[in-house]
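Descriptive analysis of the structure
Residue strings, one per chain:
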Amino acid sequence: MSSPFDREHADAWASDFVDVESLNARTTETILRSIDAIRDTSRRDPDDLRSRSVLVLGPAGAGKTHLFARLRKKCGPRAAFVLMRPEISSDPTPRHVLAACVDALQRRPMGGDERQLDIVILSALALLEGQGVKWPNAFLDELRSAPKDEREELLSRAVEGIADRYPEVNLPWLEKFLALPVAAAPDRRAALTWLSGREPDSTQLERLGLQEPLPDTSVLPALRTLAIIAAYSTPIVVVFDQLENLIDDEGGAGRIHAHARLIAELFDSVRGLVLVQMALDAEWVQRIRPAFSASERSRLEAHVEALELPTPAARAALVEAWIGRLPPDERRGAPWPFSTTEWQSWMNAPGVTPRMLMIACREASRRPEGAIDEVAACLPGSAQEKETPDEREDRLREIWEERRALTRTDLAAAQDDGRPIDAERLASGLGAALKLVHGVRVEPKRTRQPQDLRIMGAGRDTDVFVIQHGHPRSACAALQRAKSAAGDRAVLALRESARPFPPTWHRAGELLKELSSQSNATWSEVQPAEVVDLLAVHDLLSLARSQDLTGRDGAPLPEELVHLWAKSSLEIEAWPTIAAAISRASVVSEAPVRTSSPPSPSPPEERRPSTPPSSPRLKEGSGAAEKKLEAGLSATVLMKLRLASVDRVVRETRVQDPKATRASVLKDLRALGQRIRWLGRAIVVWNGGSR
Amino acid sequence: VAAGSPAVVASRTKERVASLQPSRVDDIERTVRAKGAVPVSKLCPERLTRNAEARLHESLAQRGFERAGRFVRVPLETQILALLDRRPVIPLQALRKEIAGVVSQQELRRVIAEIIDSGHAKLVVRNGKDHLAAGSATVLSQAEIETLSSIGAKLSQYARAAKSKRALRPRSILREDLAEILSEWPFALRALEQRTPPGRAMSHDDAHLELIVDAAARLESSDSLVFVPQLVRALQKRLGTESILRALLTAAMGEKLELRPESGVGTLSPEDAALCPRGPNGIVLSYARRIRPTASRRGGASS
């Protein structure tokens, strides 16, 4: 069993976690009141039903994700929670929200056996039939045992009843939705794919008696319908978390406005949703809010809640609750794990977040017995660098492996539910990975643009098309668009290798051949392992922006450091899809030492490597050998490591030259001038630039 | 040459400026800040292209200005709070003349209502007229006003009876009766104490603390957060930076303010960081939140 002090990052979907209710009680109350108000209004006065918006701001580690888990626990089956985080390379749309809502409703609520989807539908049906919403299961049994005609009559009566009260509902969507609890498993899977706004395959469409997936014009009406039905019993709470990831590093406000448009659209035209936005307070105040117009602000900031930091009493309650989770033989009396002095300091120190306190507890609890009073390292005021750069590298590697494992689990769960990876998610993963490639700029998908991403390199631009479609017609349309684009610029079209085009998709096969035959176009099938890596790198960068990555000493890992580590350690340029993308975009793979000569004017095809570009860990070519002579062995070692602690450079240098000393290595490094960059005194980064 | 002829159109197009230097935008910002509001047509003497105009408005919006009707203005809320900073009590009727860029009376009323609801200002009566007072002003609670009203009624009753002409001789009132009526008025004494008469000396620390909390009340935005460097700069002329930082930490210890760690990614400049107190492990505390008495009393309330 892991220690309660190790869970510094709350799990939004956890069912068993430490909770001190006095912490953030006001914010919890506000959201719970909003949920109750929506449920009551939908039953009593449907005409007055509106959506509500709450903005929650707090520093990293103040408990935003914990708040989500707490609300889920408190509401149980009485509300459905949807967690949305911004994709790095695509703008949020109502279709994403619809898909996320339908996915969320397929979860089982905390402490419940039925899927929330069934509860939503059955409660609405029971209410319309005048049976009250309390016994949906009994109603389900009744419905299932009823003859088919009777069942259909009831469903059509329900559709009419709802359409009467809410004329804005989308009737075809509503009919399919209400029929879900009594549908056979394959029909249900097909219906769920269509209802979520995703693309059903041709068999599923046939099963549903439909010709095409949910059209764009029906997405918002579908969302309206879902919100209204759910409001009867299980209002939907859409939580937009980690909104700081909307900020564009290059200063553009396009993604912020896209988010604002989405929230404004949901707030104005969808009734019965609780919209909760969560962001780091400083990022929101300084970089997101200034981009809003007054009308956007009035909707997005309709109600603002600043998360409270724990008071001394709450800190004591937190520590007590964490200790209560330890095995009885490991528990000690107060003020353990601190000494009296330390505890007084932690109780009264300003600006302490629950995460800081947990990390301090962890550090203190791991000290050897009897060392308590002598060790001052756990005092809040002692700003010591406790983690060496090597340990940070190890920690980042560990986080990376954790992210990959989580992504694998997530993908396996999606596969079990028959859900393919959404094209936007794959494109975002690719976009995130490409951001780490030197000399590449990525333009996310914009409305009315055919491509999913545009890669802007040193040479020409490349359009990326993610062809994840499940229906031959739309796959053909996407291939056609890629083919047309290949007339103007380089094109990279890709699809998961786990979902190849079925042999019966003759037209798609032909189009694929035609596309591949074009000199400008590349077709890439993304292997499952690379899919995991792409999605994991997206999560890694998002978490770094949200300051949710912490070292073993509990200090947040700076975003810049995470980027540098990812650039130097993940060998992203060697991932097959990335290699294909950057070779198309004529990006010169990050060279060991930049030359001042302009890029070669030769056409990209000539420079395109026939094999994936070499790993950023440098092979010793002639250029590198020259630099080695010029700058010494330490420089070569650093060129290979890219980012390392001085200690490590010394160690690696000594492997090759046992006579090397720390002083000689430092001298060599200092002689490199601007070719390297120092992060403090202990970490050094190879810039690749020449003096 | 006719007015609409291609030659004239071309010359007009040439006159339009395609981009503004950041220093020009700074000038415009200073003007708007000084005047409170400037008509859009008078923002910039140069004629701008549509793109340049859009960029100008965007950068003004990023600097916290808003466009309303034909004005670009400092948000009304900010203007009113700045006014309250200078004059703690303002007649409501005079407010429209004191601030610039008001589009309609309804808008002004809405903003005033929002400011009052957020606790940044209080609506008070003075000489029978509505006034707006700073959020930090000490005012009577509703219960106290009820008591005041009842005392007033009783006093009025006694006074009327004493002055009645129907009595045999002029009437008076027993002092002990008056004392009994006024004994219901302990809050009056408290109110007098809270006015802090000039003769009564406060300790330096208390005075600094009060100034800090008042400034936080004035500067806090709709999310109830105050950017600490802004607060320090607002008080720097009256108190030294060191005293302010010390008072901030004292206010945090006394649970009057909550100091919050910086959570921006590279948004805090070194100059701003130097104006922030430090927390555990040297973390910069760059935001403050006022703790209202009701919030701290709630303490262990569960939701």
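Because the structure is predicted, anything quoted here is derived from the model rather than measured.

Remarks on the overall build of chain B
A count of helical and extended segments in chain B gives 14 helices and nine strands. Each of the 303 residues in chain B was classed as buried or not, and the buried ones make up 36%. Sequence-distant contacts, at least 24 apart, represent 62% of the contacts inside chain B between residues at least 6 apart. With an accessible surface of roughly 18300 Å², chain B has 53% of that area assigned to carbon and sulfur atoms.

Some points on the overall build of chain A
Along the backbone of chain A there are 28 helices and 13 strands. Residues classed as buried in chain A amount to 56% of the 691 residues present. By sequence separation, contacts in chain A at least 24 residues apart represent 73% of the contacts at least 6 residues apart. Summed over all atoms, the accessible surface of chain A reaches about 28800 Å², with 50% contributed by carbon and sulfur.

With respect to the packing of aromatic side chains
Residue and element names in this part refer to chain A. Counting across every chain of the model gives ten aromatic pairs over all chains. Relative to W343, the ring of F338 lies with its centre 5.7 Å away and its plane at 10 degrees, an arrangement referred to as stacked. Looking at W343, the relative accessible area reads 14%, which means it is buried. What links up through ring pairs into an aromatic cluster is the set W13, F68 and F81. Across from the ring centre of W13, 3.6 Å away, lies the NZ or CZ of R107, which sits over that ring.

Some details on the sheet that holds strand 6 (residues 129-134) of chain B
Residues and elements named next belong to chain B. With antiparallel pairing, the three strands of this open sheet are ordered in space as 4-6-5. Unpaired on one side and paired on the other, strand 4 (89-91) and strand 5 (121-126) mark the two borders of the sheet. Here the average twist between neighbouring strands, direction ignored, is 35 degrees. On the sheet, helix 4 (residues 76-86) packs against strand 4, strand 5 and strand 6 and is oriented at approximately 85 degrees with respect to strand 6.

Some points on the pairing of strand 5 of chain B
Residues and elements named next belong to chain B. Two strands pair when backbone bridges link them, and strand 5 and strand 6 are joined in this way by six bridges, in the antiparallel orientation. Opposite V124, over in strand 6, you have H131 as the bridge partner. The turn linking strand 5 back onto strand 6 is made up of two residues, and N127 within it adopts a positive phi angle of 55 degrees.

Considering the interface of chain B and chain A
The interface is formed by 36 residues belonging to chain B together with 46 residues belonging to chain A. Where chain B abuts chain A, roughly 3200 Å² becomes buried across the two surfaces, and 53% of that area is made up of carbon and sulfur atoms. Where chain B touches chain A, the interface holds one salt bridge. Across the pair R260(B) and D281(A) runs a salt bridge, and its minimum N-O distance is 3.3 Å. Among the secondary structure elements, those contributing two or more residues to the side of chain B that touches chain A are helix 3 (50-62), strand 7 (225-227), helix 12 (241-253), strand 8 (257-261) and strand 9 (285-290) of chain B. For the side of chain B that touches chain A, the element with the most residues is strand 8 of chain B, which contributes four residues. Tallied by class, the residues present in the side of chain B that touches chain A amount to 14 nonpolar, 14 polar and eight charged.

A closer look at a nonpolar patch on the surface
Nonpolar side chains collect at one region of the surface, where Y158(B), I173(B), L178(B) and L182(B) lie side by side and expose about 300 Å² of accessible area between them. Counting through the fold element by element, L178(B) comes out in helix 8 (residues 175-182).

Things to note about the nonpolar core
Formed by 97 residues in total, the largest nonpolar core has its most connected members in F177(A), L178(A), I236(A), V238(A) and F240(A). Not counting residues within four places of it along the chain, the set of residues in contact with F240(A) comprises M84(A), V97(A), H259(A), L262(A), I263(A), L266(A), L275(A), V276(A), Q277(A) and M278(A).

With respect to unusual backbone geometry
All names here are of chain A. Of note, the phi angle at N24 is positive, near 55 degrees, even though the residue is not glycine. Its place among the elements puts N24 in the segment before helix 1 (25-44). Despite not being glycine, Q547 shows a phi value in the positive range, around 60 degrees. As for its position among the elements, Q547 is in the loop between helix 21 (528-545) and helix 22 (559-569). Overall, the relative accessible area of 13% leaves Q547 in the buried class.

Brief notes about helix 4 (residues 116-128) of chain A
All names here are of chain A. In this model, helix 4 (13 residues) spans 18 Å end to end at C-alpha, consistent with the 18 Å of a helix rising 1.5 Å per residue. Most of helix 4 sits inside the fold, with eleven of its 13 residues counted as buried. Within helix 4 the residues assigned to the buried category are Q116, L117, D118, I119, V120, I121, L122, S123, A124, L125 and A126.

Describing the pattern of salt bridges
Applying the stated criterion across every chain, the model contains 49 salt bridges over all chains. Among the ionic pairs, R255(A) bridges to D91(A), the shortest N-O distance being 4.0 Å. With R255(A) in helix 11 (residues 254-269) and D91(A) in the loop between strand 2 (80-84) and helix 3 (94-105), this pair connects stretches of sequence that are 164 residues apart. For the pair shown, R255(A) and D91(A) are each scored as buried. Where R404(A) meets D533(A), a salt bridge forms, and the shortest distance between an N and an O atom there is 2.8 Å. A residue pair is termed long-range when its members are at least 10 positions apart, and R404(A) in helix 17 (residues 389-416) and D533(A) in helix 21 qualify at 129 residues. Residues participating in the shared-partner salt-bridge network are D281(A), E258(B), R260(B) and R289(B).

Some thoughts on helix 27 (residues 646-656) of chain A
Residues and elements named next belong to chain A. Considered for burial, the residues of helix 27 that qualify are V646, V649, V650 and T653. The arc enclosing the buried residues of helix 27, seen along the axis, measures out at 100 degrees, which places them on a common side. Against the buried residues of helix 27 lie helix 26 (633-641), strand 11 (643-645), helix 28 (662-671), strand 12 (676-679) and strand 13 (683-686).

Considerations on the confidence of the model for chain A
Residue and element names in this part refer to chain A. Averaged over all residues, the pLDDT of chain A equals 81, while 87% of them reach at least 70. Within the model, pLDDT remains below 50 along residues 373-377, and this stretch shows seven contacts once partners closer than five positions in the same chain are excluded. A low-confidence stretch, residues 587-630 stays under pLDDT 50, and its non-local contacts, those more than four residues away or across chains, total 71 contacts.

Considerations on the confidence of the model for chain B
All names here are of chain B. Looking at chain B, the pLDDT average stands at 79 and 84% of residues meet or exceed 70. Low pLDDT, under 50, characterises residues 196-202; the stretch is placed with five contacts to residues that sit more than four places away or in other chains. In this model, residues 294-303 is a region of pLDDT below 50 whose contacts with residues beyond four sequence positions or in other chains number 16 contacts. Here the predicted complex carries an ipTM of 0.70, next to a pTM of 0.66.

Description of the environment of E530(A)
All names here are of chain A. Tracing the sequence through the fold places E530 in helix 21. Along the backbone, E530 and T577 are 47 residues apart, and their C-alpha atoms lie at a distance of 8.1 Å. Beyond its immediate stretch of four places on either side in the chain, E530 contacts W575, P576, T577 and I578.

So, how was this worked out
- Residues numbered from 1 in each chain as written.
- Chains lettered and ligands numbered in written order.
- Predicted model: local features only at pLDDT ≥ 70, side-chain atom pairs only at ≥ 80, totals over all residues.
- Heavy atoms only, no water.
- Helix = DSSP H or I, 4+ residues; strand = E, 2+ residues; numbered from the N terminus.
- Buried < 20%, exposed > 50% of the residue type's maximum accessible area, 1.4 Å probe, protein only.
- Contact = heavy atoms within 4.5 Å.
- Areas by Shrake-Rupley, 256 points an atom, 1.4 Å probe, with all protein chains shown as cover.
- Phe/Tyr/Trp six-rings, centres within 6.5 Å; stacked < 30°, edge-to-face > 60°.
- Lys NZ or Arg CZ within 6 Å of the ring centre and 35° of its normal.
- Pairing = 2+ DSSP bridges.
- Axes fitted to C-alpha atoms, helices over the stretch in contact; angles between N-to-C directions.
- Buried area = accessible area lost by both parts, 1.4 Å probe.
- Salt bridge = Lys/Arg side-chain N within 4 Å of Asp/Glu carboxyl O.
- Nonpolar A, V, L, I, M, F, W, Y, C, P; charged D, E, K, R; others polar.
- Patch = residues over 30% accessible without salt bridge, like charges linked within 9 Å, V, L, I, M, F, W, Y side chains within 5 Å.
- Core = buried A, V, L, I, M, F, W, Y, C linked by side-chain atoms within 4.5 Å.
- Expected span 1.5 Å × (residues − 1).
- Arc of directions from axis to C-beta.
- pLDDT = per-residue confidence, 0-100.

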